[in-house]
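Spelled out, the chains give:
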Protein chains: 2
Amino acid sequence: ASWGGTATLGQIVVWDEPFFQGKRHEFTSECYSTPERGFNTVRSFRIESGAWVGFEHCGFQGQQFVLERGEYPCWEAWSGSNAYHVDRMSSFRPITCAEHGHSQLLLFEQENFQGRRGELSDDCPSLPALGWGSSAVGSFLVCSGAWVCSQYPGYRGFQYLLESDSHAGEYKHVREWGSHAQTGQVQSIRRVQQ
Amino acid sequence: ASWGGTATLGQIVVWDEPFFQGKRHEFTSECYSTPERGFNTVRSFRIESGAWVGFEHCGFQGQQFVLERGEYPCWEAWSGSNAYHVDRMSSFRPITCAEHGHSQLLLFEQENFQGRRGELSDDCPSLPALGWGSSAVGSFLVCSGAWVCSQYPGYRGFQYLLESDSHAGEYKHVREWGSHAQTGQVQSIRRVQQ
């Protein structure tokens, strides 16, 4: 379904106060460090076009937040249901390879593409419901598109971005899909919507 | 994709301590009040089969949590990224009409099925990305399957269950899709996976 025109150029508008208040700035490309751009905090934002990924720390480090078009008035709107909450965003960049209608992902039970293998081309809020026996994934191979995998069913908990145009789509070990990843626990996976 | 057999009968196993510790009980049908069943708190659970909806309060009241197959070791696993957190589940029931492969939903800009209309048969992490102009939905008509709509993009924030076999699939006003709904703000919608 598509009910209207969508701009293809990525654009994010950020504010330094919640609910779209305070200092405002538009970005159409990556921001390595919001403090260096005059924003000690980013407390609300709106994604005008494209898909983006935000990070807890500068330099694209720390917790990851996949951000699709829409309004994020406060930190609850982007932070996951994690034990520790991230009330700021310190760097962000566009996700350029998102292709919602044409995405393919291979997942493997063990690292280095070993063990039992599964294939996805659709969103999956519960890997166990598809018969994936383990609650962990050892490695991923992104054939096309961009995907986001989550710790818990229903896209809850820590999330990690997987891109076909990064690492040549190869994520051989849990360390490669997020600097803050503690475990390989992945129970839901979906495509990123551009 | 499907990689294994899945049981069709709904089953949930609950514990009164986090991480699957303490008193344990299996349910295969609804629980109106966990205290009446000897569980003052449910602090971890595993969905063995089927899809379920959990509630903050007894009698299927308060915040809703759509629960698909998998492990929920602590409250962060089921509670959304809301301002107030729900560290217990006091009632739950199976979602009987979930049909992941054959689901259809109509959404309307205004209450009572008035105004601009949209149709969905696939998951949508961002309604704005599909061109839905407003960040609110006025009413829903569930033609088939079960759906869960969320306040923010990417299935974050408050969530509300929409079922084809409840209210005859008619949700004419924001008051009808959740006892705790404060606004009609809906920015993502997806099918429930059985």
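All figures in this text were calculated on a predicted structure; none of them were measured in a lab.

## Here we look at the pattern of salt bridges
Think of it this way: side chains of opposite charge can pair up when their charged atoms draw near.
Reasoning step 1: The tally for this structure, following the rule as stated, stands at 16 salt bridges over all chains.
Reasoning step 2: Close ionic contact of B:Glu68 with B:Arg190 constitutes a salt bridge, the shortest N to O distance being 2.9 Å. Taken together, the residues B:Glu68 in the loop between strand 5 (61-67) and strand 6 (70-72) and B:Arg190 in strand 14 (residues 188-191) connect sequence positions 122 residues apart.
Reasoning step 3: Owing to a relative accessible area of 0%, B:Glu68 belongs among the buried residues under this scheme.
Reasoning step 4: Taking the relative accessible area as the measure of exposure, B:Arg190 reaches 2% and is therefore buried.
Reasoning step 5: Shared partners join several salt bridges into a network, and the residues in it are A:Asp122, A:Asp123, A:Arg191, B:Asp122, B:Asp123 and B:Arg191.

## Here's the deal with the state of the cysteines
Reasoning step 1: All chains considered together, the criterion is met by 0 disulfides over all chains.
Reasoning step 2: Between A:Cys97, a free cysteine, and A:Cys143, which holds the nearest cysteine sulfur, the sulfur-to-sulfur gap is 12 Å.

## A closer look at the relation of the copies chain B and chain A
Reasoning step 1: Mapping chain B onto chain A leaves a residual RMSD of 0.0 Å; the transformation is a rotation of 180 degrees accompanied by 0.0 Å of translation along its axis. The two molecules are tied by a two-fold rotation axis, judged by turn and shift.
Reasoning step 2: In this assembly the copies share their binding face: 100% of the residues contributing to the interface of chain B also contribute to that of chain A.

## Remarks on the interface of chain B and chain A
Quite often, the size of an interface is put as the accessible area lost when its parts meet.
Reasoning step 1: In this complex, chain B contributes 53 residues to the contact, which on the side of chain A involves 54 residues.
Reasoning step 2: Interface area for chain B against chain A, summed over the two sides, is near 4,100 Å², with a carbon-plus-sulfur share of 52%.
Reasoning step 3: If you look at where chain B meets chain A, you find 2 salt bridges.
Reasoning step 4: For the salt bridge of A:Arg191 with B:Asp122, the shortest nitrogen-to-oxygen distance reads 3.6 Å.
Reasoning step 5: Elements that contribute at least two residues to the side of chain B that touches chain A include exactly strand 5, strand 6, strand 9 (114-120), strand 12 (156-163) and strand 14 of chain B.
Reasoning step 6: Ranked by residue count, the leading element in the side of chain B that touches chain A is strand 9 of chain B, at 4 residues.

## Brief notes about the packing of aromatic side chains
Residues and elements named next belong to chain A.
Reasoning step 1: Here the structure, examined in full by the defined rule, presents 19 aromatic pairs over all chains.
Reasoning step 2: Aromatic pair Trp 52 and Phe 92: ring centres 6.0 Å apart, planes at 65 degrees, arrangement edge-to-face. On the criterion of sequence distance, the pair formed by Trp 52 in strand 4 (residues 51-57) and Phe 92 in strand 7 (residues 91-95) is long-range, its members being 40 residues apart. As far as the burial class goes, Trp 52 and Phe 92 line up, both buried.
Reasoning step 3: An aromatic cluster is present here, built from Phe 27, Trp 52 and Phe 92 joined pairwise through their rings.
Reasoning step 4: It is Arg 190 that lies over the ring of Tyr 155; its NZ or CZ is 5.7 Å from the centre.

## Things to note about unusual backbone geometry
If a residue is not glycine, its phi is most likely negative; likewise, a peptide bond is most likely trans.
Reasoning step 1: At A:Phe60, a position not held by glycine, the phi torsion is positive, near 60 degrees.
Reasoning step 2: Here A:Phe60 shows up in the loop between strand 4 and strand 5 (61-67).
Reasoning step 3: Backbone geometry at B:Phe113 places phi at a positive 60 degrees, although glycine is not the residue there.

## Side note on the confidence of the model for chain A
Reasoning step 1: When the pLDDT values of chain A are averaged, the result is 89; 91% of them are 70 or greater.
Reasoning step 2: Complex prediction metrics read pTM 0.90 and ipTM 0.89.

## As for the sheet that holds strand 3 (residues 44-49) of chain A
All names here are of chain A.
Reasoning step 1: Pairing in this open sheet of 4 strands is antiparallel, and the strands run 2-1-3-6 from one edge to the other. Bordering the open sheet on either side are strand 2 (21-27) and strand 6 (70-72), each of which pairs with just one other strand. Geometrically, the sheet is characterised by an average inter-axis angle of 15 degrees between neighbouring strands, direction not taken into account.
Reasoning step 2: Two elements, strand 3 and strand 6, share 3 bridges in a ladder whose sense is antiparallel. Bridge assignment links Ile 47 to a residue of strand 6, and that residue is Gly 70.

## Topic: the UniProt feature "domain: Beta/gamma crystallin 'Greek key'" (unreviewed entry) in chain A
Reasoning step 1: The UniProt record annotates "domain: Beta/gamma crystallin 'Greek key'" (unreviewed entry) at residues 10-49, 50-96 and 103-144 of chain A.
Reasoning step 2: Summarising residues 103-144 of chain A: 0% helix, 48% strand, and an end-to-end C-alpha distance of 5 Å.

## Side note on the pairing of strand 8 (residues 104-110) of chain A
All names here are of chain A.
Reasoning step 1: Relative to strand 10 (residues 139-144), strand 8 runs antiparallel, the two sharing 5 bridges. The residue bridging Leu 106 from the neighbouring strand is Leu 141, located in strand 10.
Reasoning step 2: With 5 bridges joining them, strand 8 and strand 9 (residues 114-120) adopt antiparallel strand pairing. Residue pairing across strands places Phe 108 opposite Arg 117, the latter belonging to strand 9.
Reasoning step 3: Hairpin connection of strand 8 to strand 9: 3 residues between the antiparallel strands, including Asn 112 at a positive phi of 55 degrees.

About the thresholds
- Just so you know, the residues in each chain are numbered from 1, in the order the chain's sequence is written.
- Working convention: letters from A go to chains and numbers from 1 go to ligands, in the order in which they are written.
- Reporting in this predicted model follows two pLDDT cut-offs: at least 70 for local features of residues, and 80 or more for side-chain atom pairs to be given and counted; totals over whole chains, interfaces and linings ignore these cut-offs and use all residues.
- Heavy atoms throughout the structure, all of them, feed into the side-chain values; hydrogens and water do not.
- Just to be clear on terms, a salt bridge is a Lys or Arg side-chain nitrogen sitting within 4 Å of an Asp or Glu carboxyl oxygen.
- Starting at the N terminus, helices and strands are each numbered in turn, a helix being any DSSP run of H or I of at least four residues and a strand any DSSP run of E of at least two.
- The cut-offs for exposure are 20% and 50% of the maximum accessible area for each residue type, with area from a 1.4 Å probe on protein chains only; residues under the lower value are buried, those over the upper are exposed, and the others partly exposed.
- In plain terms, two cysteine sulfur atoms within 2.5 Å form what is called a disulfide here.
- Fitting of the copies onto one another was done by least squares over C-alpha atoms, counting residues only where both copies have pLDDT of at least 70.
- Here a residue-residue contact requires only that any non-hydrogen atoms of the pair lie within 4.5 Å.
- Defined in terms of a 1.4 Å probe, buried area is the accessible area two parts forfeit on being brought together, summed over both.
- A pair of aromatic rings is counted whenever rings of Phe, Tyr or Trp (Trp by its six-membered ring) have centres within 6.5 Å, and the orientation is called stacked for planes under 30 degrees apart, edge-to-face for over 60 and tilted otherwise.
- By definition here, charges over rings are those cases where NZ of Lys or CZ of Arg is within 6 Å of the ring centre and within 35 degrees of the ring normal.
- In predicted models, pLDDT denotes the confidence assigned by the predictor to each residue on a 0 to 100 scale.
- What makes two strands pair is DSSP finding at least two bridges between them.
- Under this scheme, a helix contributes an axis fitted over its contacting stretch, all axes are lines through C-alpha atoms, and angles between N-to-C directions fall in the 0 to 180 degree range.
- UniProt positions are given in the numbering used here, feature names are shortened, and annotations may be inferred rather than shown by experiment.

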